[in-house]
Amino acid sequence: MLGDIEGAASHCWRAWDKGRQLAPGMTRVVFGAPGAGKSSTLMHLQRNWQNGQWCTSGIGCPPQLLRLTGPERFEDFATLREKLDGLLSEQSDSVVATAARKGRKLAGRLLAVQTPVGGLSIGEARRDLPVDPVARVLKQHPPTRWSRPLVIAIDEFQTISGDMHSTHAGMLRSLHHSTYDAPIVLLLAGLGDTVARARELGLSRFAQEAEHSLGCLAPEESADLIAGWGRHFGLRDRSWQGFMRDLAVECDHWPVHVQNALSALAEEIIAREGDMSRLDLAAVGRRSGELQRRYYASRMSPRMQNSDYLLAAVMRDLRSGMKSGEIMDAINELAGTGTSIRWRLPKGMDEEDYYQHLVHHGALQADAFGHVSCPIPSFRRYMVALGEAPAP
């Protein structure tokens, strides 16, 4: 995944640097259920690139990353322009201080930059239309002064507002289709409905394998995380490592749960003033379980809580390889089968609305082939147990 993101940015830069037409559809998508590590992935990229390091193998300078913690920062044109200007000012100033890049035709490239509102060039934009902040900043900091590509990352993308007629949707399409004639890669991160939301805004024809789903860690990855955590804090290899690996298994190797388990261990080490021989590992396990339950409780929307019998039945009957339509059929068949209000669909919802609601809250997620599952096994168990009721 990291290699693909960095590869897309590197390919974009090489093509632009050589004057070739930029390929459309270079957008990358990282999606997964809550706690899969989407935001951590963006922060990891930002940290390494700021330090001049690639996360994988790469040649030349790594990209610049504009990390927006939510789509509202992209929709707010003043905020977007300010952040872009601040980021590109540093790069432009450093390049101008050295030597101008050769073989570039600044005027021609600037004229090629288009705004997504009405397809007007910068100089032709009507005054009654919003000024495209991306085009405006590119005019102020032309890519001819850049020394590396730019990646614009938008976290929590599934919450973006508007439809394909929104002005910010037009800007997203211009980025996706490389209309700006600048070495920019768009990176979207969010829950399982992120790809569907992007398509609703008119983003289509993604590059092959440009969508990356985050899930459980592999057992060896959990073990490596635990060992690395111990080395970072100078802890000796003792029985605590084996216990934490077992705890990771109980957590289904879900990233946030492994992290919370390590937090529980840290609390116990502090309570014992660093005396590892006095650790109460059973207390660590109890605290880890508490953090896990609290995390799941925070993911339950009021609509999920009020229909917990229905929710439990849907999650209990979830089978491998099911498609969205099959799950909607199951919701339709199960809804109202019991006498309690907890068996009913929430007011104003039909089976499709309920299905989409579960996707939006990380209870369900479709893979590239349309097969739907609960991405976090322990979350599925939690939902089934929370709403257990006698069969109707």
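Scope of this entry: the structure provided in the associated data block. (Residues numbered from 1 in each chain as written. Predicted model: local features only at pLDDT ≥ 70, side-chain atom pairs only at ≥ 80, totals over all residues. Heavy atoms only, no water.)

### Brief notes about the overall build of the protein
Link 1 in the chain: Broken down by element type, the protein carries 17 helices and 7 strands.
Link 2 in the chain: Among the 392 residues that make up the protein, the fraction classed as buried is 48%.
Link 3 in the chain: Taking all contacts inside the protein whose residues are at least 6 apart in sequence as the whole, residues at least 24 apart take part in 74%. (Helix = DSSP H or I, 4+ residues; strand = E, 2+ residues; numbered from the N terminus. Buried < 20%, exposed > 50% of the residue type's maximum accessible area, 1.4 Å probe, protein only. Contact = heavy atoms within 4.5 Å.)

### Points about the environment of Met244
Link 1 in the chain: Its location among the elements puts Met244 in helix H10 (residues 239–250).
Link 2 in the chain: Exposure remark for Met244: the relative accessible area of 2% places this residue in the buried category.
Link 3 in the chain: C-alpha separation for the pair Met244 and Ser222, spaced 22 residues apart in sequence, amounts to 9.2 Å.
Link 4 in the chain: If we ignore the near neighbours within four places in the chain, the residues touching Met244 are Ile226, Ala261, Leu262, Leu265 and Val284.

### Thoughts on the packing of helix H15 (residues 324–334) against helix H16 (residues 351–360)
Link 1 in the chain: For the pair H15 and H16, the least separation of the axes is 9 Å and the interaxial angle reads 115°. Remark: the crossing between H15 and H16 carries right-handed chirality. Between H15, through Ser324, Ile327, Met328, Ile331 and Asn332, and H16, the contact on the second element is made entirely by Glu351, Glu352, Tyr354 and Tyr355.
Link 2 in the chain: Split into classes, the residues belonging to the contact of H15 with H16 amount to 5 nonpolar, 2 polar and 2 charged. (Axes fitted to C-alpha atoms, helices over the stretch in contact; angles between N-to-C directions. Left-handed = near helix turned anticlockwise from the far one by under 90°. Nonpolar A, V, L, I, M, F, W, Y, C, P; charged D, E, K, R; others polar.)

### Describing the pattern of salt bridges
Link 1 in the chain: This model, assessed by the stated rule, comprises 10 salt bridges.
Link 2 in the chain: The partner of Arg197 in a salt bridge is Glu200, and the shortest N-O contact between them spans 2.9 Å. Placement of both Arg197 and Glu200 in helix H8 (residues 194–200) is noted, with a separation of 3 residues, approximately one turn of the helix.
Link 3 in the chain: Overall, Glu200 belongs to the partly exposed group, its relative accessible area being 47%.
Link 4 in the chain: A salt bridge links Asp317 to Arg316; its shortest N-O distance comes to 3.7 Å.
Link 5 in the chain: For Asp317, a relative accessible area of 33% puts it in the partly exposed group.
Link 6 in the chain: Residue Arg316 is classed as partly exposed on the basis of its relative accessible area of 44%.
Link 7 in the chain: Taken together, the salt bridges that share partners define one network made up of Glu267, Arg287, Glu290 and Arg294. (Salt bridge = Lys/Arg side-chain N within 4 Å of Asp/Glu carboxyl O.)

### Points about the packing of aromatic side chains
Link 1 in the chain: According to the stated counting rule, one finds 8 aromatic pairs in the structure shown.
Link 2 in the chain: Summarising the aromatic geometry, the rings of Trp13 and Trp16 are spaced 6.1 Å apart at their centres and angled 25° between planes, so their arrangement reads as stacked. Here Trp13 pairs with Trp16, and both are found in helix H1 (residues 2–17), just 3 residues apart, close to one helical turn. Per residue, the accessibility class of Trp13 equals that of Trp16, and both read buried.
Link 3 in the chain: Pairing Tyr296 with Tyr382 gives two aromatic rings, centres 5.5 Å apart and planes at 50°, and the pair type is tilted. Residue Tyr296 is found in helix H12 (residues 281–299), and its partner Tyr382 is found in helix H17 (residues 377–386); the two are separated by 86 residues along the sequence.
Link 4 in the chain: You can call Tyr296 buried: its relative accessible area is 2%.
Link 5 in the chain: Taken together through their ring pairs, the aromatic side chains of Tyr295, Tyr296, Phe379 and Tyr382 make up a single cluster. (Phe/Tyr/Trp six-rings, centres within 6.5 Å; stacked < 30°, edge-to-face > 60°.)

### Re the packing of helix H9 (residues 219–232) against helix H11 (residues 255–271)
Helix-helix packing: each pair is described by the crossing angle between the helix axes and the interaxial distance.
Link 1 in the chain: Axis separation between H9 and H11 bottoms out at 11 Å; the angle between their running directions is 30°. As judged from the angle between their axes, H9 and H11 are roughly parallel. Seen along the crossing, H9 lies across H11 with a hand that is right-handed. Contacts between H9 and H11 pair Ser222, Leu225, Ile226 and Trp229 from the former with Val258, Leu262, Leu265, Ala266 and Ile269 from the latter. (Parallel < 35°, antiparallel > 145°, perpendicular 65-115°, else oblique.)

### Description of the pairing of strand E3 (residues 150–154)
Link 1 in the chain: The buried fraction of E3 amounts to 5 of the 5 residues, a majority that puts the element mostly inside the structure.
Link 2 in the chain: In E3, alternate side chains face the same way, and those of Leu150, Ile152 and Ile154 on one face and Val151 and Ala153 on the other are all buried.
Link 3 in the chain: Across 5 bridges, strand E2 (residues 64–68) lies against E3 in parallel orientation. Paired with Arg67 across the strands is Ala153, a residue of E3.
Link 4 in the chain: Judged from the 5 bridges that link them, E3 and strand E4 (residues 184–190) form a sheet pairing that is parallel. In the sheet register, Ala153 faces E4, and the bridge partner there is Leu187. (Pairing = 2+ DSSP bridges.)

### As for the sheet that holds E4
Within a beta sheet, neighbouring strands are joined by backbone hydrogen bonds and run either parallel or antiparallel to one another.
Link 1 in the chain: Strands sit in the order E2-E3-E4-E1-E5 across an open sheet of 5 strands; the sheet is parallel. Sheet topology places E2 and strand E5 (211–213) at the edges, where each strand pairs with a single neighbour. For this sheet the average axis-to-axis angle between neighbouring strands, irrespective of direction, equals 15°.
Link 2 in the chain: Relative to the sheet, H1 contacts strand E1 (28–31), E3, E4 and E5, its axis offset from that of E4 by approximately 160°.

### With respect to unusual backbone geometry
Link 1 in the chain: One non-glycine residue, Glu156, lies in the positive phi region at around 55°.
Link 2 in the chain: By the secondary structure assignment, Glu156 is in the loop between E3 and helix H7 (167–176).
Link 3 in the chain: A relative accessible area of 30% places Glu156 in the partly exposed class.
Link 4 in the chain: The residue Asp252 is not glycine, and still its phi comes out positive at about 60°.

### A closer look at the pairing of E1
Remember that side chains alternate between the two faces of the sheet whenever the strand is regular.
Link 1 in the chain: In E1, alternate side chains face the same way, and those of Arg28 and Val30 on one face and Val29 and Phe31 on the other are all buried.
Link 2 in the chain: For E1 and E4, the ladder comprises 4 bridges, and the chain directions are parallel. Residue pairing in the sheet places Arg28 in a bridge with Leu187 of E4.
Link 3 in the chain: The pairing of E1 with E5 spans 3 bridges and is parallel. Bridging across to E5, Phe31 finds its partner in Ser213.

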